[in-house]
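Inside the fold
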Amino acid sequence: MSTNLDDLVNQPDPSRLIYGLRDTGYDFNTAAADIIDNAIAANATEVNVWVDLQPDGRKFVYFGDNGDGMDAAGLHGAMRYGAARRANAKSLGKFGLGLKTASSSICLRYGLVSRQSGETELRKLEWDLEHVGDINDWKMLREPVTKQEAYWYGELCGEDKGTLVIWSKCDRLLSKDYEEPGGSAEKRAIKGRVDKLREHVALVFHRYLSEANTDFPTVRITINGDTVSPFNPFYPERAEQVLPSHARVIPMQLEDGTIHNATMNAWILPHSKDMTDAENAEKARINSRSQGFYIHREGRIIHHGGWLGVFRSDDPHYSLLRVEFDFDHKLDDAFKIDVKKSRILFDPALEEALRATLSPFWNEANNRYRRKNKEIAHDVALNHTSSNRTIEKVSPKGAAVVEVDAASQEVTVNNNRGSGIRLHIPVNNNVNPNAVYIEAVDDITSGHVWEPAMRSSGDSGHRIGVRINKHHDFFQKIYMRTAALGDAVEGIDFLLWAFAAAEQNNSDAELARTFEDIREEISVSLRKLLKDTPAPSQKDLEELAAAVDSVEGDD
């Protein structure tokens, strides 16, 4: 094909582009939410979603609404890649791409069936990516509405106006092909997708689903016949809004020099141990991934969880703090909203201002979490007595203590690095005689799982000891579960004491930082590995406490 190099019109290749636009970062949940956005923008009061797995393994997803519907011109415009701007700038739709990119991210063929009243016939248009690829042209399909499509329109849209979105050839609804298409394994996978979508919709559209929220129109959403109940992530019935009124309004200067406001609330939720498991699962869902910003655009959540660079993102000690951040369409450009409406970027100056405003409450959430964990740790006190006795009896070889200065927290030892080695480590006097070598404590501020120490039941005769951090996930999630297993507790005790002893026997002023870095790396790695490991429930703790009492009674 000849090319006129003087022609500055350079049309994209239809086949390449329509397939390339499948990979814009959607997953099933965010793609479905984009379709629901369009229904709400069309003034729907009901949106019904149905995920259908046929016996032969074919998969369909239907979205039906009772919104305004479309005539022939509206249908054609809606199916255009880069549809015209909506008349209402507050609409949840933004770029004119959502229907197309969201749909094609999941399926190879998608269509619209719509009408503006029950007295007019149904109209249909479809995009089939394989058809576009075969002819290499931007050409839709206009075929008669089938009986099956008319049935689903009636089921999900009613007999009056509305729109039905149909996803077929769903090659990306599930992550793999199944040996038995439509079989029990694939049915379970579809059910999992539906359950996750229900959770996502309950969160993202919680303000629209709530009849109590009068700031936004109420919309009823069903998924496979079940009505979705709103999940308000801030649990206002029990959470505390801690941000003072003067800090809740954030002025933003637009490019034209005008000022427009975003708003913010900071909520500290109750600790999961102050709720029943059922209450936590239904109302709060406390976990490390749920802390952070919940960004609402026009009342719809476009980002949830994580600190967007304002604070570190995965420390479970801050999991009680959630920030409710609101803006409308006038600030879209200021926050760099993407086509999926699922990403937001804070300007560095705003990021710094948010950090300064929220830091006191971020720290308070940390304190509340740690105070509760401290109560839990005290309620279930691990028995380290046997470990201390064994180390006292065996007296493993280690650094020889020459001098101890409790005031400066320094010790002088003879170890494998030489004589008269000075080390800066915790010095503990007058400790419990049964906890000279090993003790779980709540005042380690470094975040490390353990730290070495020189310890004495008086003010002399110091021994090499280890202090174990009650606030670290390893203690809360692993150590405490071994409370009823004396041998397991001893095994972990001995391991950590051996690490501490080896550090003191091989360290000097130069190597001390290296050992500290090793403890830091191990502690961070353990925290990441245990991020998704649940902490013991209240029932677990009660059973552990009873088991510990039994073990101690046997001793």
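What this report covers is the structure whose coordinates are included nearby. (Residues numbered from 1 in each chain as written. Predicted model: local features only at pLDDT ≥ 70, side-chain atom pairs only at ≥ 80, totals over all residues. Heavy atoms only, no water.)

**Examining the overall build of the protein chain**
How we decide: Where helices and strands are cited, they refer to DSSP runs of H or I of at least four residues and of E of at least two residues respectively, numbered from the N terminus. Burial status follows relative accessibility: with a 1.4 Å probe on protein chains alone, a residue under 20% of its type maximum counts as buried, one over 50% as exposed, and anything between as partly exposed. Residues count as neighbours in contact if any of their non-hydrogen atoms are within 4.5 Å of one another. A 1.4 Å probe and the Shrake-Rupley method give the accessible areas. Residues count as covered only by the protein chains that appear here.
When you go through the protein chain residue by residue, the secondary structure sums to 15 helices and 20 strands. Across the 555 residues of the protein chain, 49% fall into the buried class. Counting only contacts in the protein chain whose residues sit at least 6 apart along the sequence, the fraction spanning at least 24 positions is 69%. Entry remark: accessible area of the protein chain is about 27200 Å², with carbon and sulfur atoms responsible for 48%.

**Some words on the pairing of strand β13 (residues 321-327)**
Put simply, the test is: A pair of strands counts as paired when DSSP detects no fewer than two bridges linking them.
β13 sits mainly inside the fold: seven of its seven residues count as buried. Neither face of β13 is left uncovered, since the one carrying Leu321, Val323, Phe325 and Phe327 and the one carrying Arg322, Glu324 and Asp326 both have all their residues buried. Pairing analysis gives six bridges linking strand β10 (residues 259-268) to β13, with the strands arranged antiparallel. Paired with Asn265 across the two strands is Glu324, which belongs to β13. Across six bridges, strand β11 (residues 292-297) lies against β13 in parallel orientation. The residue of β13 that forms the bridge with Gly292 is Arg322.

**Considerations on the pattern of salt bridges**
Here is the rule we go by: Salt bridge criterion: a side-chain nitrogen from Lys or Arg within 4 Å of a carboxyl oxygen from Asp or Glu.
Summed over all chains, the structure comprises 32 salt bridges. The partner of Glu126 in a salt bridge is Lys124, and the shortest N-O contact between them spans 3.8 Å. Assessed through its relative accessible area of 6%, Glu126 is described here as buried. Owing to a relative accessible area of 7%, Lys124 belongs among the buried residues under this scheme. With its nearest N and O atoms 3.0 Å apart, the salt bridge here joins Arg519 to Glu503. With Arg519 in helix α14 (residues 512-529) and Glu503 in helix α13 (residues 486-506), the pair connects residues that are 16 residues apart, well separated along the chain. On the accessibility criterion, Glu503 (7% relative accessible area) is buried. Each of Arg109, Lys124, Glu126, Asp128, Glu130, Glu143, Glu149 and Lys169 takes part in a single network of salt bridges with overlapping partners.

**Some points on the packing of aromatic side chains**
Short version of the rule: Whether two aromatic rings pair depends on their centres lying within 6.5 Å, for rings of Phe, Tyr and Trp, where Trp uses its six-membered ring; planes under 30 degrees apart make the pair stacked, over 60 edge-to-face, and the rest tilted.
Enumeration over the complete set of coordinates arrives at 25 aromatic pairs. Ring plane angle 75° and centroid distance 6.0 Å describe the contact between Phe474 and Tyr479, whose orientation is recorded as edge-to-face. Note on accessibility: Phe474 and Tyr479 belong to one class, buried. Centre to centre, the rings of Phe475 and Tyr479 are 5.4 Å apart; their planes meet at 40°, and the pair counts as tilted. Separated by four residues within a single helix, Phe475 and Tyr479 lie in helix α12 (residues 473-479), roughly one turn from each other.

**Section: the environment of Asn29**
Among the structural elements, Asn29 can be located in helix α2 (residues 28-41). Classification of Asn29 by relative accessible area gives buried; the value is 17%. The spatial distance from the C-alpha of Asn29 to the C-alpha of Val194 is 9.2 Å, given a sequence separation of 165 residues. Aside from chain neighbours lying at most four places away, what touches Asn29 is Lys196, Leu197 and His200.

**Considerations on unusual backbone geometry**
Located in the positive-phi region is Asn136, a residue other than glycine, with phi close to 50°. Relative to the helices and strands, Asn136 is located in the loop between α5 (129-135) and α6 (147-157). For Asn136, a relative accessible area of 36% puts it in the partly exposed group. The phi dihedral of Glu298 falls on the positive side, at around 50°, and the residue is not glycine.

**Focus on the sheet that holds strand β4 (residues 123-128)**
Formally: In this analysis an axis means a line fitted to C-alpha atoms, helices contributing only their contacting stretch, and an angle means the value between N-to-C directions, from 0 to 180 degrees.
Strand order in the open sheet formed by seven strands is β4-β3-β5-β2-β1-β6-β7, and the pairing between neighbours is mixed. Where the open sheet ends on each side, the last strands, each with one partner, are β4 and β7 (226-227). Pairing analysis gives seven bridges linking strand β3 (residues 109-115) to strand β5 (residues 162-168), with the strands arranged antiparallel. The residue of β5 that forms the bridge with Val113 is Leu164. Contacting β1 (46-53), β2 (59-65), β5 and β6 (220-223), α2 runs over the sheet at an angle of about 160° to β5. The strands touched by helix α7 (residues 184-204) within the sheet are β1, β2, β6 and β7, with β1 carrying the most contacts at an inclination of about 160°.

**Quick notes on α14**
Convention followed: The span you would expect from a helix comes to 1.5 Å times its residue count less one. The directions considered for the arc are those from the helix axis to the C-beta atoms.
A rise of 1.5 Å per residue sets the reference length of α14, with its 18 residues, at 26 Å; its end C-alpha atoms lie 26 Å apart and thus fit the reference within 8%. Taken together, the buried positions of α14 are Arg519, Ser523 and Arg527. On an axial view of α14, the arc spanned by its buried residues comes to 70°, and they lie on one face. Turned more than 90 degrees off the buried face of α14, the exposed positions are Glu521, Lys528 and Leu529.

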